[in-house]
Amino acid sequence: MEAAPNGPGIPKWNTFNYGMVCFYSIGLHASISLPYYLVKYSVTYLLAHYIILLSFCVPICYVQIKLGAIYRQNILGIYSLLVPILKGCAITILILSYIRSLTGSLELSYCLYYAFASFFSPYDESSHPNHSEMSGHQRPIVFFKEYFLQISDGLSEEGNMVWYLAIALLVTWFLLFMCTAKEPSFMNKLAFVLSPTALILLLVVLVYGWVAPPPVAPSEPFGSLVEVNGSFSYHEKNIDEEQEDQELGVWSLSLAKLYSPQPWMNALILHIYSLGLWSGVLPTIGAHLYNNKTTIVRANVILFLVYGLVPVVFGIAFIPFISTNSNYGMFEYGEKLKPGLGLLLLGMFGKIRHVPGIAMCLYLGVYLLGILHMVLHLTVIWEALLCSLPTCILQFFRRRSTLVAILSFLSFILCIPYSFQSGVYLYMLVNSYLDRLIFTVIIVSIVPTVIGYIKQNLMYLLLERALMSLWYGASSLVIAAMLIYYFAVYVYPFPATIRDPKAEGVASDDRQCLGWFVAVGPVIFGFILGAFHAVYTEKGSFTERCIRALKSDSLQTADSSEYDVSDKTPQTTSSKSNSDVTLSKIETEVVIDNQDLSSDLVKV
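Residues numbered from 1 in each chain as written. Predicted model: local features only at pLDDT ≥ 70, side-chain atom pairs only at ≥ 80, totals over all residues. Heavy atoms only, no water.

1. A few points about the overall build of the protein chain
We apply this condition: In this text, helices come from DSSP runs of H or I with a minimum length of four residues, and strands from runs of E with a minimum of two, each type numbered from the N-terminal end. Accessible area is worked out with a 1.4 Å probe on protein chains only. A residue is then buried under 20% of its type maximum, exposed over 50%, and partly exposed in between. Every residue pair with non-hydrogen atoms within 4.5 Å of one another is taken to be in contact. The accessible surface values rely on the Shrake-Rupley method and a 1.4 Å probe; as for residues, cover is taken only from the protein chains in view.
Across its full length, the protein chain holds 23 helices and 5 strands. Out of the 604 residues in the protein chain, the part that is buried amounts to 59%. For the protein chain, the proportion of contacts with a sequence separation of at least 24, taken over those separated by at least 6, is 81%. Carbon and sulfur atoms make up 66% of the accessible area of the protein chain, which amounts to about 24,300 Å² in all.

Next comes the structure, spelled out in structure tokens:
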């Protein structure tokens, strides 16, 4: 696709290409978490899901996409222009997104292994020492813990490397390298391949599940845990009873479970991670769109249609393969792993493993959507990092693919601890602590985002911009308050991992120190580094530098901005006094133009 004539080599996406890219919002999060919540809370969960989506996510997505369309920059460049001293907020966002990508690669590796597990590794219950006492709901748990993870007794016991898990991680990072080695404009072509392929695989699973009942092995009776006189016992049922109970549980219209705050919190967190609300993805997407009202509104409508409908289809496709005999393990691991991963690996594998071809379609479909989600996030991270590297390094390596290969290999090295027998405990620890302070990032990011939307958006009335900014700010504050409540009530009081008998005394203290380092480190490092760099790059005395770094209009001072936010054009411009920055309007599109900067690689 050719670059737009008014852009510095940034190609614009048409409606179809953009629609394919929007499938990133499904990823591994929405594709498995929403079906998991449907099983946990019944179909009434969708009420909380859509209320949170329409009330809080609409203004956040709209404003961030709009900023990307105006500035043609990633989130680091935008924040550096608007409030330079707060560029550390963008750095923190990128660091947190990168750590999530490391844990996400492990989750994708699990899916990749399970896609072929039914073909070459069918587990035999008779080989287990306690197979005669093993009930139906325990079998997927035994396979997951003892055969697949070979899990150790705790984080303090590292154990050996699980070689096939390390290979799955290597394959995943190699694919991520191949998908991110080219320029960001390659994303639409990649999405054109991955999104339809994943949908076709999903369609196969959907049709087979509802047309041809999955076969069940004689050794795997259906059943569920039933509470009798305060104790749980395993109650076996026939197939018809199991399917009837399953339908009653999922399709129940009772609102009782929505009285608790937890489903609303789960819906909010699902939206944050799936849409990438504070990950830098939305401004990058907006940079490939024309900056006019019709285009931005249409882009948001397409994004919410894809994200609001396709995961529901996943839930419908999953229902025939969900075994209630795995509910115990599914909910035991569901909150410690990514919500829904327990459903995929425990609640479904025990039933779908008897149809290896359909199992492969299911897990590969989820894997491909997860790859697309991570590719978009890593592209944002790589671009911000490459633009920040010293010129000497860029001139030495010359090729972008070489630098991306080095970054991908280093990322794989960082993921190697996850492949050990204790790796799942480390994953749970990072997953539990990582975003405990994300509310600080959300609150601070309101300042540059609202400033950029109000001051630079010339195509809207001031009242309209003020109302949208107010909606954005209020939504961000409410979300931050909800996250504080969620972590205080549902996260802090509970251990970060599943039963860990070794996590006592000194070992427990060390584990908590490591977890809080993961939570606090990116926030402190990002904000300090950003503030220091903003002050260091200004001119004058220390006091003058601090004042200039605080000014939101520093983008109009040529010597205090090193960012190219241009869509260069020889057409009519409206010049600003004492500034080389101009606002250009071409066919109802307003962009920021800097006449002195022309490099595609700019310095932070």
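Now that the structure has been shown, we can carry on.
2. Let's talk about the pattern of salt bridges
As a reminder of what qualifies: A side-chain nitrogen of Lys or Arg and a carboxyl oxygen of Asp or Glu constitute a salt bridge if their distance falls within 4 Å.
Counting across every chain of the model gives 4 salt bridges. A salt bridge links Asp435 to Arg100; its shortest N-O distance comes to 3.1 Å. With Asp435 in the loop between α19 (423–433) and α20 (438–456) and Arg100 in helix α5 (residues 87–120), this residue pair connects regions lying 335 residues apart in the sequence. Judged on exposure class, the residue Asp435 and its partner Arg100 are both buried. A salt bridge links Lys293 to Glu464, with the nearest nitrogen and oxygen atoms 3.1 Å apart. Of this pair, Lys293 sits in helix α12 (residues 293–318) while Glu464 is found in helix α21 (residues 462–491), placing the two residues 171 residues apart along the sequence. On the basis of relative accessible area, Lys293 is assigned to the partly exposed category, the value being 40%. Look at Glu464 and you get partly exposed, because its relative accessible area is 31%.

3. Notes on the nonpolar core
The condition that has to hold: Side-chain atoms within 4.5 Å are what join buried Ala, Val, Leu, Ile, Met, Phe, Trp, Tyr and Cys residues into a set we call a nonpolar core.
Ranked by internal contacts, the top residues of the largest apolar core, which has 175 residues, are Tyr18, Phe148, Phe318, Leu344 and Tyr363. With 21 residues, the top contributor of residues to this core is helix α16 (residues 356–386). Excluding anything up to four places from it in sequence, Leu344 contacts Ile32, Cys111, Phe318, Phe349, Leu362, Tyr363 and Val366.

4. Here we look at the packing of aromatic side chains
Filter applied, for reference: Centre distance within 6.5 Å is the pairing criterion for rings of Phe, Tyr and Trp, where only the six-membered ring of Trp is used; planes under 30 degrees apart are then read as stacked, over 60 as edge-to-face, and the remainder as tilted. Consider the ring centre and the ring normal. A charge sits over the ring if Lys NZ or Arg CZ is within 6 Å of that centre and within 35 degrees of that normal.
For the structure shown, the criterion picks out 25 aromatic pairs. Measuring from ring centre to ring centre gives 5.3 Å for Tyr114 and Phe148, while their planes differ by 85°; the resulting arrangement is edge-to-face. Taken as a pair, Tyr114 in helix α5 and Phe148 in helix α6 (residues 139–148) lie far apart in primary sequence, 34 residues in all. Of the two residues, Tyr114 and Phe148, both sit in the buried class. Among the aromatic residues, those joined into a ring-pair cluster are Tyr110, Tyr113, Tyr114, Phe148, Trp163, Tyr164, Phe349 and Tyr363. In this structure, Arg436 is placed above the aromatic ring of Trp516, and the distance from its NZ or CZ to the ring centre is 5.4 Å.

5. Thoughts on the side chain of Ser274
Just so we agree on the cut-off: Contacts described as polar in this section are N or O atom pairs within 3.5 Å, which, within protein, must combine one atom able to donate a hydrogen with one able to accept it, while residues neighboring in sequence count only if both atoms come from side chains.
Note that Ser274 resides in helix α10 (residues 262–275). In terms of polar contacts, Ser274 uses its side chain to reach the backbone carbonyl oxygen of Leu270, at 2.8 Å. Not counting chain neighbours up to four residues away, the residues in contact with Ser274 comprise Tyr24, Ser25, His29, Ala30, Tyr307 and His373.

6. Some remarks on the side chain of Thr44
Counting through the fold element by element, Thr44 comes out in the loop between α2 (27–41) and α3 (45–71). Engagement of the side chain of Thr44 in a polar contact is seen with the backbone oxygen of Tyr41, the distance being 3.3 Å. At 2.9 Å, the side chain of Thr44 forms a polar contact with the side chain of Ser42.

7. So, the packing of α10 against α12
As a reminder, the rule being used: Lines fitted to C-alpha atoms define the axes, with helix axes restricted to the stretch in contact, and inter-axis angles between N-to-C directions lie between 0 and 180 degrees. Oblique is the label for every angle not falling under 35 degrees (roughly parallel), over 145 degrees (roughly antiparallel), or within 65 to 115 degrees (roughly perpendicular). By definition, any crossing whose near helix is turned counterclockwise from its far helix by less than a right angle is left-handed, and any crossing with a clockwise turn is right-handed. Polar here means any residue other than Ala, Val, Leu, Ile, Met, Phe, Trp, Tyr, Cys and Pro, which are nonpolar, and Asp, Glu, Lys and Arg, which are charged; Gly is therefore polar.
It is at 12 Å that the axes of α10 and α12 come closest, and there the two elements cross at 125°. Between α10 and α12, the interaxial angle falls into the category oblique. The interaxial crossing formed by α10 with α12 has right-handed handedness. Residue-level inspection shows Leu270, His271, Ser274 and Leu275 of α10 in contact with α12, the latter providing Leu303, Phe304 and Tyr307. Looking at side-chain class alone, the contact of α10 with α12 contains 5 nonpolar, 2 polar and no charged residues.

8. Here we look at unusual backbone geometry
Excluding glycine, most residues fall at negative phi; most peptide bonds, likewise, are trans. Even without being glycine, Ser42 reaches a positive phi, approximately 80°. Tracing the sequence through the fold places Ser42 in the loop between α2 and α3. Even without glycine at this site, Arg398 takes up a positive phi of about 65°.

9. A closer look at the packing of α5 against helix α7 (residues 163–180)
Axis angle and axis distance: for two packed helices, these are the angle between their axes and the distance between the axes, and together they describe the pair. Relative orientation of the contacting elements α5 and α7 amounts to 115°, with a least axis distance of 8 Å. As the angle between them shows, α5 and α7 are arranged roughly perpendicular. When the axes of α5 and α7 are compared, the crossing they make is right-handed. Judged by residue contacts, Ser101, Leu102, Ser105, Leu106, Leu108, Ser109, Tyr110, Leu112 and Tyr113 of α5 engage Tyr164, Leu165, Ala168, Leu169, Val171, Thr172 and Trp173 from α7.

10. Considerations on α19
Across the 11 residues of α19, 10 count as buried, placing the element largely inside the fold. For α19, the complete set of buried residues consists of Gly423, Val424, Tyr425, Leu426, Tyr427, Met428, Leu429, Val430, Ser432 and Tyr433.

11. A word on the environment of Trp382
Inspection of the secondary structure assignment puts Trp382 in helix α16. Note: C-alpha distance between Trp382 and Ala181 (201 residues apart in sequence) is 9.5 Å.

12. A word on a nonpolar patch on the surface
Threshold: Candidate patch residues must exceed 30% relative accessible area and have no salt bridge, after which like charges are joined if within 9 Å and Val, Leu, Ile, Met, Phe, Trp or Tyr side chains if within 5 Å.
Taken together, the side chains of Trp163, Ile167, Val171, Phe174, Leu175 and Met178 make up a nonpolar region of the molecular surface, amounting to roughly 600 Å² of accessible area. Along the chain, Phe174 falls in helix α7.

13. With respect to the confidence of the model for the protein chain
Any segment with low pLDDT has predicted coordinates that should not be analysed in fine detail. Applicable threshold: Along the chain, pLDDT gives the predictor's confidence residue by residue, from 0 to 100.
Across the protein chain, the average pLDDT comes to 78, with 75% of residues at 70 or higher. Taken element by element, the protein chain is modelled with least confidence in strand β3 (residues 573–575), mean pLDDT 32, and with most confidence in α7, mean pLDDT 95. Long-range and interchain partners of residues 500–506, a stretch whose pLDDT sits below 50, account for 12 contacts in this model, where long-range means more than four residues apart.

14. Quick word on the environment of Arg400
Along the chain, Arg400 turns up in helix α18 (residues 400–415). Given a relative accessible area of 13%, Arg400 falls into the buried group. In the structure, Arg400 is positioned 17 residues away from Glu383 in sequence and 9.8 Å away in space, judged by C-alpha atoms. In this structure, Arg400 is in contact with Thr180, Ala181, Lys182, Glu183, Pro184, Glu383 and Leu386, ignoring residues within four places of it in sequence. Here Thr180 takes part through its backbone oxygen, which lies 3.0 Å from a polar atom of the side chain of Arg400.

15. Structural notes on the environment of Phe439
Within the fold, Phe439 resides in helix α20. Taking relative accessible area as the criterion, Phe439 reaches 18% and is therefore assigned buried. Put simply, Phe439 and Ala480 are 41 residues apart on the chain and 4.7 Å apart in space, counted from C-alpha to C-alpha. Excluding anything up to four places from it in sequence, Phe439 contacts Ala480 and Ile484.

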